[in-house]
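Per-entry structural report
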Amino acid sequence: ETGVTQTPRHLVMGMTNKKSLKCEQHLGHNAMYWYKQSAKKPLELMFVYSLEERVENNSVPSRFSPECPNSSHLFLHLHTLQPEDSALYLCASSQDYGQGTDTQYFGPGTRLTVL
Amino acid sequence: RKEVEQDPGPFNVPEGATVAFNCTYSNSASQSFFWYRQDCRKEPKLLMSVYSSGNEDGRFTAQLNRASQYISLLIRDSKLSDSATYLCVVRKAAGNKLTFGGGTRVLVKP
């Protein structure tokens, strides 16, 4: 396996719920990413953290709130989501961000359904 | 126009046959190119990087055509286990932001 784990693997939530997705990488990497993969659409980059600082925020609605407490852990806090937010949420990590040469390794994803 | 475009397929391929498909990208400043493979309900995994001179990894051959802004992937002697969605991925010079195509689905049948 890739050394990137995500929990939970499946999540069903109502629009008024608050939940969090967790990602952990065991590869000693310095950069971590959140992606969204909706049905029949390409992967969309949501957030990038490098050395625990957010370096990219791709116009993501505020109902998605990332947190990176250390270089091994990344969270995505969810609140008041919409049904169209149902998707596969993938976490990835790479050795560094600024080098432009690093392979990204993906976790297995959390399949989120918003009712 | 999408930044990275792929034929979604599916490409139905007899086992043992050769299949090839392309991916076009719109940003001429793109610097790095990759093919990722994604199995059904699984995460994407890097298949191979694509170099300017073209490169081969076993039964897989990747080519880059900068003038026409496309990359290609060719799979020889297709195996049943090659059935997957192949994602074309492009990166610009700065940072490590990847732009993904929508994927090309390949189904290898006995």
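For the structure itself, consult the block above.
Residues numbered from 1 in each chain as written. Chains lettered and ligands numbered in written order. Predicted model: local features only at pLDDT ≥ 70, side-chain atom pairs only at ≥ 80, totals over all residues. Heavy atoms only, no water.

1. Notes on the side chain of Thr110(A)
Residues and elements named next belong to chain A. To keep it simple, the criterion reads: Counting from the N terminus, the helices are DSSP H or I runs at least four residues long and the strands are E runs at least two residues long. Note on classification: 1.4 Å probe, protein chains only; a residue is buried when its accessible area is under 20% of the maximum for its type, exposed when over 50%, partly exposed between these limits. Polar contact criterion, stated in full: a pair of N or O atoms within 3.5 Å, where within protein one must be able to donate a hydrogen and the other to accept it, and residues adjacent in sequence count only if both atoms are side-chain atoms. In what follows, a contact means two residues having at least one pair of non-hydrogen atoms within 4.5 Å.
Take Thr110: it is sitting in strand 11 (residues 110–114). The exposure class of Thr110 is buried, given its relative accessible area of 0%. A distance of 2.5 Å separates the side chain of Thr110 from the backbone oxygen of Pro8, its partner in a polar contact. Ignoring any residue separated from it by four or fewer positions in sequence, one finds Thr110 in contact with Gln6, Thr7, Pro8, Arg9, Leu11, Leu21, Ala87, Leu88 and Tyr89.

2. A short note on the pairing of strand 8 (residues 70–75) of chain B
All names here are of chain B. Where we set the bar: Any two strands with at least two DSSP bridges between them are considered paired.
Pairing of strand 3 (residues 19–25) with strand 8 involves six bridges; the strand directions are antiparallel. By the bridge assignment, Thr24 is partnered in strand 8 with Tyr70. Sheet topology places strand 7 (residues 60–65) next to strand 8; six bridges connect them, and they run antiparallel. By the bridge assignment, Phe60 is partnered in strand 8 with Ile75. Here strand 7 folds back onto strand 8 in antiparallel fashion, the turn holding four residues, of which Gln69 has a positive phi close to 55°.

3. What about the packing of aromatic side chains?
Which entries qualify depends on this criterion: Only Phe, Tyr and Trp rings are paired, with Trp represented by its six-membered ring, and only when their centres lie within 6.5 Å; those with planes under 30 degrees apart are stacked, over 60 edge-to-face, the remainder tilted.
What the rule picks out here adds up to twelve aromatic pairs over all chains. Ring geometry for Phe64(A) against Tyr89(A): centres 5.8 Å apart, planes inclined by 35°, an arrangement best described as tilted. Of the two residues, Phe64(A) sits in strand 7 (residues 64–70) while Tyr89(A) sits in strand 9 (residues 87–94), which places them 25 residues apart along the sequence. We note that Phe64(A), like Tyr89(A), is buried. Each residue in the set Tyr33(A), Tyr35(A), Tyr97(A), Phe106(A), Tyr36(B) and Phe100(B) is aromatic and connected to the rest through ring pairs, giving one cluster.

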